[in-house]
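Per-entry structural report
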Amino acid sequence: MRTKISARSDAPRGRVVEGAAVRRADLKADRRVLSGGRFVRGEKERGTLETLLSSPARRGEIVWGKLLTVTAFSVATSLLNLFSMTVTGTFIIRQLEPLGGGAELQVGPPPVSALAWLVLALLPMAALFSALSLAIAAFARSSKEGQYYLMPLLMIMLPLMMLPILPATELNLGTALIPVTGMMLLLRALVEGQYTEALVFTPPVLAVTAAGCLLAIRWAVDQFNNESVLFRDSERWDLGVWVRHVVRDRGDLPTFAEGILCGVVLLLIRFFAQTSILPPNDWRGIAVTTLVLQIGLIATPALLMAIVLTRRPWRTLRLTTVRPASLVVGPLLALALHPTVMSLSHAIQTLYPMSGETMEALKPFLAAVESAPLWSVLLVIAVTPAICEELAFRGFVLSGLQSTGRKWTAILISSFFFGVMHSVLQQQLSAFLVGIIIGYLAAQTRSLWPCVLFHVTHNSLGVLVGQLTPNVADQQPLWRWLFHSIGEDGFGYHWPWLIESLVVSCALLGWLRWRANREPAANFVRGSEAKMSAVI
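Rules of the game
Residues numbered from 1 in each chain as written. Predicted model: local features only at pLDDT ≥ 70, side-chain atom pairs only at ≥ 80, totals over all residues. Heavy atoms only, no water. Salt bridge = Lys/Arg side-chain N within 4 Å of Asp/Glu carboxyl O. Helix = DSSP H or I, 4+ residues; strand = E, 2+ residues; numbered from the N terminus. Buried < 20%, exposed > 50% of the residue type's maximum accessible area, 1.4 Å probe, protein only. pLDDT = per-residue confidence, 0-100. Contact = heavy atoms within 4.5 Å. Core = buried A, V, L, I, M, F, W, Y, C linked by side-chain atoms within 4.5 Å. Axes fitted to C-alpha atoms, helices over the stretch in contact; angles between N-to-C directions. Nonpolar A, V, L, I, M, F, W, Y, C, P; charged D, E, K, R; others polar. Patch = residues over 30% accessible without salt bridge, like charges linked within 9 Å, V, L, I, M, F, W, Y side chains within 5 Å. Areas by Shrake-Rupley, 256 points an atom, 1.4 Å probe, with all protein chains shown as cover.

**A few points about the pattern of salt bridges**
Tallied over the full model, the rule gives 4 salt bridges. We note a salt bridge from Glu 360 to Lys 363, for which the minimum N-O separation is 3.2 Å. Of this pair, Glu 360 and Lys 363 both sit in helix α16 (residues 356-371), 3 residues apart, which is roughly one turn of that helix. For Glu 360, a relative accessible area of 48% puts it in the partly exposed group.

**Things to note about the confidence of the model for the chain**
Chain-level statistics for the chain give a pLDDT mean of 78 and a share of 77% at 70 or above. Put simply, helix α1 (residues 2-34) is where the chain has its lowest mean pLDDT, 42, and helix α17 (residues 374-401) is where it has its highest, 93. Within the model, pLDDT remains below 50 along residues 1-41, and this stretch shows 9 contacts once partners closer than five positions in the same chain are excluded. Considering only residues more than four positions removed or in separate chains, one finds that residues 521-536, a stretch of pLDDT under 50, has 1 contact.

**Focus: the nonpolar core**
With 44 residues, the main nonpolar core has Phe 393, Phe 396 and Phe 454 as its most contacted residues. Apart from residues lying up to four places away in sequence, Phe 396 is in contact with Pro 254, Glu 258, Gly 259, Cys 262, Ala 302, Met 305, Ala 306, Leu 309, Thr 310, Thr 316, Leu 317 and Leu 391. Of all hydrophobic cores here, the second largest spans 34 residues; its members include Leu 132, Leu 171, Ala 189 and Ala 220.

**Some points on the packing of helix α12 (residues 256-276) against α17**
One way to put it is that α12 packs onto α17 with a least axis distance of 6 Å and a crossing angle of 145°. Contact residues: α12 offers Phe 256, Glu 258, Gly 259, Ile 260, Cys 262, Gly 263 and Leu 266, while α17 offers Ala 392, Phe 393, Phe 396, Val 397, Gly 400 and Leu 401. Residue classes in the contact of α12 with α17 are distributed as 9 nonpolar, 3 polar and 1 charged.

**A word on a nonpolar patch on the surface**
Where nonpolar side chains cluster on the molecular surface, the patch consists of Leu 327, Val 328, Leu 332, Leu 335, Trp 449 and Leu 453 and spans about 500 Å² of accessible area. For the nonpolar patch, the secondary structure elements donating two or more residues are α15 (324-351) and α20 (449-466). No other element matches α15, which puts 4 residues into the nonpolar patch. By the secondary structure assignment, Leu 335 is in helix α15.

And the structure:
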């Protein structure tokens, strides 16, 4: 009995001593934070995020409050930076004037109109960067990890900010649709007094900037609504431990991070291959290079990652059986969409025309394709990329991205990786749009085979139309019935075929949606019947 009594009497005293030690540690930490000492920690590290989230305010309201605060500080910091640069520059030039070094320079504050335009352009740009930084900060485990995540964002934004500085870059519809770049070019036109030109391109610039801000804010709100992201513990990352964990605890399908990893690895491989391999000039060299790149550098990494990181590679790559109707819809959709895709390609080339250097670089490739046998061209350009690229992007990448349950997010990100894999900007934009259709086809049919047939049909039609010349078009009545000439060497479908393309494509896409919504119900009925028969 004495032992029990002593244990009971000592327990509260231990708790009191432990609680006092914890309170003293908390007081020391609070003093360090309030005194502005060396210990600077974020909300996750201080443990104050739980208190904020337990308030009556909604998650979206919290994000908007943080966003307005960060935006206000960003705008104030930018204006103070501009003011300090103006004062410092004026002081230095005035000190050089007695020496004769700054006699001819007129230095002073910028005009009031330029400052007004700068402030107006600064507000949406500050909101965009603040929303992106807020979402990254919510995703990161610590302040140091958040700084690591900000580096890729900076590397993406730097080319967009450097592009308007180039002398050949002008404000047009193509550059107005580029985020950040369009706003900087619009600001330059306003400061220079080109108000007519700025008025024409203000709507597309503001539309793109507003869309970017809304998407970034939506991403930040999603991060705050995901408690598994907000309350992740900060842990030390080790490559060996991570590899053993991934191999040992792998699931049936890849995760979202593994899908992103596969896309990034493929882009890195393409970058190093493009910088190290010289482009061949004859058809045999082009065929060998294309086969090596497609099989060895695109399909093989996806297959290896599916085998190592998942327990069901066959299901990960969507190499499952499919209904004959879904199998037929792939090439039919490619045939129906081809007039629309060609019209979009012409519109992209109008907005972003190819430079003379790019055209000169493509001439040996086009000459080699025209001189090669048609069957070999179709095998190398149509069949091989269709199989290898679909295994990678609609196989492993899309399966990993779709693990979160957000179908359209997975389709858009996989289409982005698919578009960037192409070399020329015009091809990248067209491939991104086509990749959205193929990704939707993969998500609705849950199989890779319709996507492969779509890709083969689309590339084959591109090869056949690419070999069309004015002489051939004049000799064949069928070609004149389908196509009309655009410029010197371009061809496009007549407008009735474009309208029919849109109608048939929408019908096929609607059938895919109806079929996908109907199959879960049918599977549930079949599963219920099987359970009832087992019980009986």
